[in-house]
Each structure stands twice: as structure tokens, then as C-alpha cells.
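# Examining the three-dimensional arrangement
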Amino acid sequence: VGWGEAAPMPGYSADALAAADAAVARAFGDARWARALADGDVGSIAALSADVAQASPAAACAMESAALDLLARREGVPLADLLAGGDATPRRVAVNGVVPPTTPAAAVSRFRPLFERGIRAAKVKVGRSEMSAETAVVAALRATFGDDLELRLDANGAWAADEVADRLAPFAYAHPRFCEQPSPPGTLRSLGELPVPFAADESSARRDEIDALLSSPPAAMRALVLKPMAVGGALRCLE
């Protein structure tokens with residue numbers, strides 16, 4: 001048995017749960033998936049996943065990840081090794097805990113059990129409340145957990161491109177690693193030097209924009225946030 005998941009997020013994903021459910025059901029009725037699994041053909045799985053993604057990227061992610069999980073289990077290897085073709089692959093990935101808009105005390109209380117479990121990165125949602133309230137949350141997290149905590153910000157495209165620098169300046173003292181998607185998709189290439197570097201997030205689901213960002217990376221860009229559920233699977237992200 002191989003396991004996959006379709007989890008479109010209301011308000012964020014391009015498709016809905018009902019569409020993903022229907023697309024998964026259709027895929028299970030497609031004999032080509034069985035042939036690809038019997039042959040252990042990752043290329044065929046990628047092509048089939050791309051077909052499913054036209055109806056539902058989340059369903060494609062579910063079918064592809066389940067198929068790849070099954071192949072890895074059959075081979076008795078970690079899925080990362082299967083995707084890397086046997087090359088050595090990293091074994092540790094830093095996981096972040098999300099801190100939604102809240103009070104400083106509530107943010108510390110929310111993150112403390114995560115910190116005690118070994119999670120050393122906090123992603124703070126910004127651009128949704130008063131600036132003073134958001135900077136107070138960041139200050140409380142930094143003061144409580146010290147420099148052992150990696151701070152990340154996530155604006156979800158809340159700010160206009162010409163106001164990003166001013167919006168990020170009050171956070172710079174806390175040395176966030178980056179701010180995800182400070183301005184809307186289509187505007188990141190116009191960003192100049194910033195007090196806090198940025199990562200492309202929602203923009204990463206758009207192939208044309210990623211091509212443009214990688215062909216001429218803005219000076220302040222530090223990362224791409226890859227979304228298998230949004231683009232149709234891990235293989236598309238690797239591509």
C-alpha cells in the first residue's frame with residue numbers, strides 16, 4: 001500500500017475538495033496507473049500525474065505521492081533516494097510552526113510546546129493586523145526563545161510592492177530569515193534592496209513567474225516555497 005493525500009485549502013488552493021475527490025476516483029479507474037506501478041516507471045507516473053493535475057492539482061499530488069510511496073516501499077528505500085536515483089540526499093529538513101495573528105503572550109504560549117518538541121523555526125503571519133501588534137509578537141518570540149529560534153515572516157502578498165521596504169523595516173532588528181511573498185504575484189521582480197530578504201511563495205505556483213525570477217533573481221530573493229499540493233506533486237516541484 002502506498003499513501004498520498006489531497007488537501008486543498010479553502011481560500012488558498014486552486015481547486016476544492018469535491019473536485020479533488022472526483023479526480024482521484026477517476027484516476028483509480030485508469031488502468032495506466034496500474035501498468036506504471038507494475039513497471040516501476042517514475043516517468044509514466046509523472047505523465048499521469050500531469051494529466052490529473054489539469055482537473056485537480058491536489059488530486060495529482062495525492063495520486064503521485066501514493067504511487068511513489070508504494071514504489072519506494074517495494075524497493076525498501078526511502079522515497080528521497082528513489083527520487084534522487086540513488087544519490088545521497090539530505091536527511092533533515094527544518095520544519096516551522098505557524099504563528100497566526102494574535103497577542104504576544106498567546107504567540108509564546110502557542111509556540112512553546114513546538115519549541116519543546118524540537119521545532120526551531122516559527123513562521124509569523126504578518127500584514128493582517130496593526131504593525132505595532134505584529135512587531136510585538138516577533139519581539140516576544142525573540143525575547144523568549146532567543147537566537148536558537150529561526151524567525152520567518154509570511155505576508156501572503158499583503159503589501160503593495162512600493163511599500164514592502166517600509167513594512168519590513170520594523171522587523172529587521174530580529175533578523176528574520178526571510179518574508180514569504182511580501183507583495184502579490186507578478187510584483188516580486190520589481191522589489192529592490194530590502195531590510196529583510198524575501199521568498200517567493202504564491203508566485204511559486206506560477207511556472208512563468210518562477211522562470212522569470214530564476215532567470216534574473218532579485219537581489220533580496222533568498223528562497224522559493226515549493227507547494228506540491230498546488231502544482232500537482234513533488235515531481236513537478238523537482239522539475
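Everything that follows concerns the structure shown earlier in this document.
Figured I'd write up the structure that's included with this text. All of these numbers come straight from a predicted model, not from anything done at the bench.

### Re the sheet that holds strand β1 (residues 96-99)
In spatial order, the strands read β1-β2-β3-β4-β5-β6; together these six strands make up an open sheet with parallel pairing. In this open sheet, the two strands that pair with only one neighbour each are β1 and β6 (221-224). Note: strand β4 (residues 179-180) against strand β5 (residues 198-200), two bridges, orientation parallel. Counterpart to Cys 179 in the pairing with β5 is Phe 198.

### Here we look at the pattern of salt bridges
If you walk through the whole model with that rule in mind, you get 13 salt bridges. For Lys 123, the salt bridge goes to Asp 154, with nearest N and O atoms at 3.6 Å. With Lys 123 in strand β2 (residues 121-125) and Asp 154 in strand β3 (residues 150-154), this pair connects stretches of sequence that are 31 residues apart. For the pair Lys 123 and Asp 154, one class covers both residues: buried. Note that Lys 123 is salt-bridged to Glu 180, the shortest N-O span being 3.5 Å. Within this pair, whereas Lys 123 is found in strand β2, its partner Glu 180 is found in strand β4, the two being separated by 57 residues in sequence. Note on accessibility: Lys 123 and Glu 180 belong to one class, buried.

### Observations concerning the environment of Ala 234
Residue position: Ala 234 is located in helix α11 (residues 234-238). Under the relative-accessibility criterion, Ala 234 is labelled partly exposed at 29%.

### Let's talk about the packing of helix α2 (residues 31-39) against helix α4 (residues 57-75)
Two numbers describe how α2 lies on α4: the axes approach to 10 Å, and their chain directions differ by 30 degrees. With respect to their mutual orientation, α2 and α4 come out roughly parallel. Crossing of α2 against α4: the hand is right-handed. Contacts between α2 and α4 involve Trp 33, Leu 37 and Ala 38 from the former and Met 63, Glu 64, Ala 67, Leu 70, Leu 71 and Arg 74 from the latter.

### Observations concerning the packing of α2 against helix α3 (residues 42-53)
In contact at an axis separation of 9 Å, α2 and α3 are set at 155 degrees when each is read in the N-to-C sense. Between α2 and α3, the crossing angle belongs to the class labelled roughly antiparallel. Helix-helix and strand crossings are classified by hand; for α2 and α3 the assignment is left-handed. Residues Arg 32, Trp 33, Ala 36 and Leu 37 of α2 form the contact with α3, whose participating residues are Ser 44, Ile 45, Leu 48, Ser 49, Asp 51 and Val 52.

### Overview of α4
Here α4 spans 27 Å end to end across 19 residues, near enough to the 27 Å set by a 1.5 Å rise per residue. Counting buried positions along α4 yields 15 of 19 residues, so the element is predominantly enclosed. Directly beyond the C-terminal end of α4, a positive phi value near 70 degrees is found at Gly 76.

The rules we used
Residues numbered from 1 in each chain as written. Predicted model: local features only at pLDDT ≥ 70, side-chain atom pairs only at ≥ 80, totals over all residues. Heavy atoms only, no water. Pairing = 2+ DSSP bridges. Helix = DSSP H or I, 4+ residues; strand = E, 2+ residues; numbered from the N terminus. Salt bridge = Lys/Arg side-chain N within 4 Å of Asp/Glu carboxyl O. Buried < 20%, exposed > 50% of the residue type's maximum accessible area, 1.4 Å probe, protein only. Axes fitted to C-alpha atoms, helices over the stretch in contact; angles between N-to-C directions. Parallel < 35°, antiparallel > 145°, perpendicular 65-115°, else oblique. Left-handed = near helix turned anticlockwise from the far one by under 90°. Contact = heavy atoms within 4.5 Å. Expected span 1.5 Å × (residues − 1).

Shape descriptors only; they carry no functional weight alone.
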